[in-house]
Amino acid sequence: MIRDGGVLKVGYDAELDELLSMSENAGQFLIDLEAREKARTGLANLKVGYNRVHGYFIELPSKQAEQAPADYIRRQTLKGAERFITPELKAFEDKALSAKSRALAREKMLYDGLLETLIGHLAPLQDTAAALGELDVVSNLAERALNLDLNCPSFVDEPCMRISQGRHPVVEQVLTTPFVANDLALDDNTRMLVITGPNMGGKSTYMRQTALIVLLAHIGSFVPAASCELSLVDRIFTRIGSSETWRAGARPSWWR
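Residues numbered from 1 in each chain as written. Predicted model: local features only at pLDDT ≥ 70, side-chain atom pairs only at ≥ 80, totals over all residues. Heavy atoms only, no water.

A. How the structure looks around the sheet that holds strand E6 (residues 160-166). Taking strand neighbours across the sheet as the criterion, the four strands line up as E5-E8-E6-E7 in an open arrangement whose pairing is mixed. On the outer flanks of this sheet lie strand E5 (154-155) and strand E7 (182-187), each paired with one strand and no other. Taken together, the five bridges between E6 and E7 define a ladder with antiparallel strand orientation. Residue pairing across strands places Ile163 opposite Leu184, the latter belonging to E7. Sheet strands in contact with helix H6 (residues 203-218) are E5, E6, E7 and strand E8 (227-230), and its direction is about 110° off that of E6. (Pairing = 2+ DSSP bridges. Helix = DSSP H or I, 4+ residues; strand = E, 2+ residues; numbered from the N terminus. Contact = heavy atoms within 4.5 Å. Axes fitted to C-alpha atoms, helices over the stretch in contact; angles between N-to-C directions.)

B. Highlighting the packing of aromatic side chains. Inspection of every chain in the model, using the stated rule, returns four aromatic pairs. With centroids separated by 4.7 Å and ring planes inclined at 40°, the aromatic side chains of Tyr50 and Tyr56 adopt a geometry described as tilted. The class for Tyr50 is partly exposed, based on a relative accessible area of 41%. Here Tyr56 falls in the buried class, since its relative accessible area comes to 7%. Taken together through their ring pairs, the aromatic side chains of Phe29, Tyr50, Tyr56 and Phe92 make up a single cluster. One residue, Arg83, lies across the ring of Phe57, its end atom 3.9 Å from the ring centre. (Phe/Tyr/Trp six-rings, centres within 6.5 Å; stacked < 30°, edge-to-face > 60°. Buried < 20%, exposed > 50% of the residue type's maximum accessible area, 1.4 Å probe, protein only. Lys NZ or Arg CZ within 6 Å of the ring centre and 35° of its normal.)

C. Region of the structure containing a nonpolar patch on the surface. Together, Leu115, Leu118 and Leu125 make up a nonpolar patch on the protein surface, roughly 220 Å² of accessible area in all. Along the chain, the position of Leu125 falls in helix H4 (residues 122-147). Judged by relative accessible area, Leu125 falls into the partly exposed class, the value being 41%. (Patch = residues over 30% accessible without salt bridge, like charges linked within 9 Å, V, L, I, M, F, W, Y side chains within 5 Å. Areas by Shrake-Rupley, 256 points an atom, 1.4 Å probe, with all protein chains shown as cover. Salt bridge = Lys/Arg side-chain N within 4 Å of Asp/Glu carboxyl O.)

D. Focus on the pairing of strand E1 (residues 47-51). Sheet analysis places E1 next to strand E2 (residues 55-61), joined by five bridges and oriented antiparallel. When the sheet's bridge partners are listed, Lys47 is paired in E2 with Glu59.

E. Focus on the environment of Gly220. Among the structural elements, Gly220 can be located in the loop between H6 and E8. Separated by 156 residues in the primary sequence, Gly220 and Gln64 have C-alpha atoms spaced 84 Å apart.

F. Focus on helix H1 (residues 14-41). End to end, H1 covers just 33 Å across 28 residues, shorter than the expected 40 Å (1.5 Å per residue, more than 12% under). Along its length, H1 reaches its greatest deviation from straightness, about 75°, at Asn25. Leu16, Leu19, Met22, Ala26, Leu30, Leu33, Glu37 and Thr41 are the residues of H1 that are buried. Against E1, E2, helix H2 (87-96) and helix H3 (99-119) lie the buried residues of H1. At the N-terminal boundary of H1, the capping side chain belongs to Asp13, with an oxygen 3.4 Å from the backbone nitrogen of Glu15. (Expected span 1.5 Å × (residues − 1). Bend = angle between axes of the 7 residues up to and from the residue. Polar contact = N/O pair within 3.5 Å; in protein donor to acceptor, adjacent residues only side chain to side chain.)

G. Geometry of the side chain of Arg167. Looking at the element boundaries, Arg167 is found in the loop between E6 and helix H5 (171-174). The exposure class assigned to Arg167 is buried, which follows from its relative accessible area of 11%.

Nothing here speaks to function; it is geometry throughout.
Have a look at this one:
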């Protein structure tokens, strides 16, 4: 969510990166500054700290306060210590204390600006998205055809459905043994098949296999069969057996 930040990638905007860095790395900056100031002043007891009341400060024991460099500006006097601020630390303080809120505000501004820019290119972007979506589907069907041993179906004008060595494309992926392929032949002379057998004997698998082959053929996919010849189909009906791999009434993700 844009209100939470983190939408724009690091490197998109230098100022935003700086604000985020300040917000996230303030502690490291203070450690580095303290090490630099100790080396510059030679005062080993120098400390850099922060509190909510006075902000960032450089602290020196009272006995060493007179040795503070000329650019140290006295900020607070304590019992036994003096606290100072420098132009560098003051500049960092001004940025760091408001860095997070400023980062969120700047990211929102940049995001809104990006949307305004994109609006001017909305139509070609939508065309590109639609083309990519179609390409994604077609390339996926091609990949499945190559890797799942699918073959191109053929449509004919005469009412028929002839499937040779058909397979259930889902069941065969979960079996540990090869799927036993089977045939189907329907035409004007054979318009109905009555399938009988014991429970869990494969009747529903055979029917669903046929339905899936027909469905795949109609969406332009290759099918799990050695060959498939069929006429156009405008609807598919199927039953759910008493003991299926999914609950009665529920549809698996591949079934529409």
